[in-house]
Amino acid sequence: MNYAGPEEETPARNGLELTPFQGLRYDHDRVGSLAAVTSPPYDVIVRPDGLLELESADPYNIVRLILPQDHSPAARNQQAADTLRRWRAEGILTTDTEPGLYVYEQRDGDLLQRGVIGTLRLSEPADGVVLPHEDVMPHIVADRADLMRATSANLEPLLLTYRGDASGCGTAAVVEKTATLPPLLATTTEDGISHRLWAVTDPAGLAEIRADLGRHQALIADGHHRWATYLRLRAEHASPSPWDYGLVLLVDTARYPLRVRAIHRLLHRLPVAEALAAVGDTFRVRRLDVPLAEALESLASAAADGNAFLLAGDGAFHLIDRPSPDLLARTIPAGHPEAWRTLDATVLHATLLDHVWGIPEDSPEHIAYIHDTVATVEKAEQDGGTAVLMHPVREEVVRDLARQGVTMPRKSTSFGPKPASGLVLRALTS
């Protein structure tokens, strides 16, 4: 079993404990290209179009594991388990011979991000080691848990951030030194992002990373539902077990600041005209007959002065801002910090979705959460629904609320670049 037990090393109880594992990776010689078998994380893929595109890109694309398709949830999960078992038996996916941590680099134009992939000892939010900042939807956690049980695998790393001390020592030193060596793999995906991966297996480097990270706490940047899934599955297994750990990518944002983008909403059954009629005079409403880029600039300007949203789906953009103070007082829950009460996501969920539009936020039939701005608008126009475009939250606001133990409304932020799925997996059984 690929996990660090207490007989091997004393766990770092007060900080992050990142342990080596034997990565499960595609055999270069058995697949057409590494780029063709990767995908964005499961919740970033716009369905069904993006899913079909990935499935047709290569017969071994990782999407067949993270988003299997069949007539029922049980059949889908069984299909993923059978596919994973077959790919391992056929040598499509092979296990690295030595346990290690993996330095992972992404480059997108001028943006460079490096971090370390490993298995992180799980902890509860109350422990203050790994800080969540968003609520989760129970049905998604249940879905991911069923998939992980069926496959006995962590198929995608979560994205976690921590703040190093900028000294260039510890983890940072190992990462930078490793990045000067020839990589295990290098590829450029369709979105233009280049990816490189190295293994760190030498005891000195592993010890340096372990000692350094043991002094830090982390923020979940992307993967709240999978982290909640990790915790659920850990509770189902007697400790010690492989389920005490989960696959993560840790990025030091003191060295490599992440981009923070918004996650938009697509309201399937609410046409734009009905959405605007329900808003009435509780918000200021302005129609913008301009391209998307200009509409987003207007949204950013309005968001600097208060809550603002951009509605789309009827061929135009509608900027709604300056909500009625009386409406906010009646609909925003009390007992939270002011920074939480004034979040756009809070106003959207508590005021617009719940009170004005009467839309259940956890019903896939009524609402979808989409990262890509253009795709959100296009889907709204195709389906006759309403796209609600959001302005991103600053990282310091997210981190400050998380340290107070305050979670933001679900799908409030999108940190990136996100790790590509398919570069390294973790099997919990041999």
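Report on the accompanying structure. Please read these numbers as outputs of a predicted model, since none were measured by experiment.

### Side note on the pattern of salt bridges
Two side chains with opposite charge may pair up if their charged atoms get near one another. Counted under the stated rule, the structure contains 24 salt bridges. Arg226 is the partner of Asp222 in a salt bridge, and the nearest nitrogen-oxygen pair spans 3.2 Å. Taken together, the shared-partner salt bridges in this structure form one network comprising Glu105, Arg114, Glu176, Arg196 and Arg255.

### Some remarks on helix H6 (residues 170-178)
Taken residue by residue, H6 has Gly170, Thr171, Ala172, Val174, Val175 and Thr178 as its buried positions. Buried positions along H6 lie against strand S4 (101-108), strand S5 (111-121), strand S8 (158-162), strand S10 (194-200) and helix H7 (203-213).

### A few points about the packing of helix H5 (residues 138-151) against helix H8 (residues 224-235)
Contact geometry of H5 with H8 gives a least axis separation of 9 Å together with a crossing angle of 60 degrees. Considering the angle they form, H5 stands oblique to H8. You can see that H5 and H8 cross each other, and the crossing is right-handed. Along the contact surface, H5 presents Ile140, Val141, Ala142, Arg144, Ala145, Met148 and Arg149, while H8 presents His225, Arg226, Ala228, Thr229, Tyr230, Arg232 and Leu233.

### Here we look at the environment of Leu65
In this fold, Leu65 is placed in helix H3 (residues 63-66). Each C-alpha atom, one on Leu65 and one on Tyr42, is 9.7 Å from the other, the two residues being 23 residues apart in sequence. Residues in contact with Leu65, not counting those within four places in the same chain, are Ala80, Thr83, Leu84, Trp87, Leu93, Leu147, Leu155 and Leu425.

### Concerning unusual backbone geometry
The amide bond that connects Ser239 to the next residue, Pro240, takes the cis arrangement and shows omega of 0 degrees. Along the polypeptide, Pro240 turns up in the loop between H8 and strand S12 (245-252). With an omega of 5 degrees, the peptide bond between Gly416 and Pro417 qualifies as cis. Within the fold, Pro417 resides in the loop between strand S20 (414-416) and strand S21 (426-427). For Ser152, which is not a glycine, the phi torsion comes out positive at approximately 50 degrees.

### Re the packing of aromatic side chains
This structure, assessed with the given rule, holds five aromatic pairs. Arranged with centres 6.2 Å apart and planes meeting at 50 degrees, the rings of Tyr26 and Trp87 form a pair that is tilted. Of this pair, Tyr26 sits in strand S2 (residues 24-26) while Trp87 sits in helix H4 (residues 73-89), and the two are 61 residues apart along the sequence. For the pair formed by Tyr26 and Trp87, the shared burial category is buried. Measuring from centroid to centroid gives 6.5 Å for Phe283 and Phe309, while their planes differ by 65 degrees, and the two rings are edge-to-face.

### What about the nonpolar core?
Counting residues in hydrophobic clusters, the biggest one holds 115 residues, and the most contacted among them are Trp227 and Trp357. When residues of this core are assigned to their parent elements, the largest contribution, seven residues, is made by helix H13 (residues 344-356). Once you skip the residues sitting within four places of it in the chain, Trp227 turns out to touch Leu120, Arg121, Leu122, Ser123, Val130, Leu158, Ile220 and Val248. Judged by nonpolar contacts, the second largest core, of 18 residues, contains Leu292, Leu299, Ala303 and Ala387.

### Comments concerning the layout of surface pockets
In this structure, the largest pocket encloses a volume near 1400 Å³. Surrounding the largest pocket, 46 residues form its lining, Pro40, Val44, Val46, Asp191 and Asp372 being those nearest its centre. Elements with a contribution of two residues or more to the lining of the largest pocket: helix H1 (34-37), helix H2 (49-57), strand S13 (259-261), helix H10 (292-303), helix H14 (373-383) and S20. Sort the elements by how many residues they give to the lining of the largest pocket and H14 lands first, with six residues. A breakdown of the residues in the lining of the largest pocket according to their chemical character gives 22 nonpolar, 13 polar and 11 charged. Taken as a whole, the second largest pocket encloses approximately 900 Å³ of empty space. If you go around the second largest pocket, you meet 34 residues; those closest to its centre are Arg47, Leu67, His139, Ile140 and Pro364. Elements that contribute at least two residues to the lining of the second largest pocket include exactly H4, H5 and strand S18 (367-370). Grouping the amino acids of the lining of the second largest pocket by side-chain chemistry returns 19 nonpolar, six polar and nine charged.

### Concerning the environment of Val251
Following the sequence through the fold, Val251 ends up in strand S12. Sequence spacing of Val251 and Arg163 is 88 residues, and the spatial spacing of their C-alpha atoms is 8.4 Å. Discounting residues that sit within four places of it in the chain, Val251 has contacts with Gln113, Arg114, Gly115, Leu159, Leu160, Thr161, Tyr162, Tyr256 and Leu258.

What counts, and where the lines are drawn
- Residues numbered from 1 in each chain as written.
- Predicted model: local features only at pLDDT ≥ 70, side-chain atom pairs only at ≥ 80, totals over all residues.
- Heavy atoms only, no water.
- Salt bridge = Lys/Arg side-chain N within 4 Å of Asp/Glu carboxyl O.
- Buried < 20%, exposed > 50% of the residue type's maximum accessible area, 1.4 Å probe, protein only.
- Helix = DSSP H or I, 4+ residues; strand = E, 2+ residues; numbered from the N terminus.
- Contact = heavy atoms within 4.5 Å.
- Axes fitted to C-alpha atoms, helices over the stretch in contact; angles between N-to-C directions.
- Parallel < 35°, antiparallel > 145°, perpendicular 65-115°, else oblique.
- Left-handed = near helix turned anticlockwise from the far one by under 90°.
- Phe/Tyr/Trp six-rings, centres within 6.5 Å; stacked < 30°, edge-to-face > 60°.
- Core = buried A, V, L, I, M, F, W, Y, C linked by side-chain atoms within 4.5 Å.
- 1 Å grid on protein atoms, 1.4 Å probe; cavity = no way out; pocket = protein on both sides within 12 Å on 5 of 7 lines; lining within 4 Å.
- Points joined across faces, edges and corners; volume = space filled by probe spheres on them.
- Nonpolar A, V, L, I, M, F, W, Y, C, P; charged D, E, K, R; others polar.

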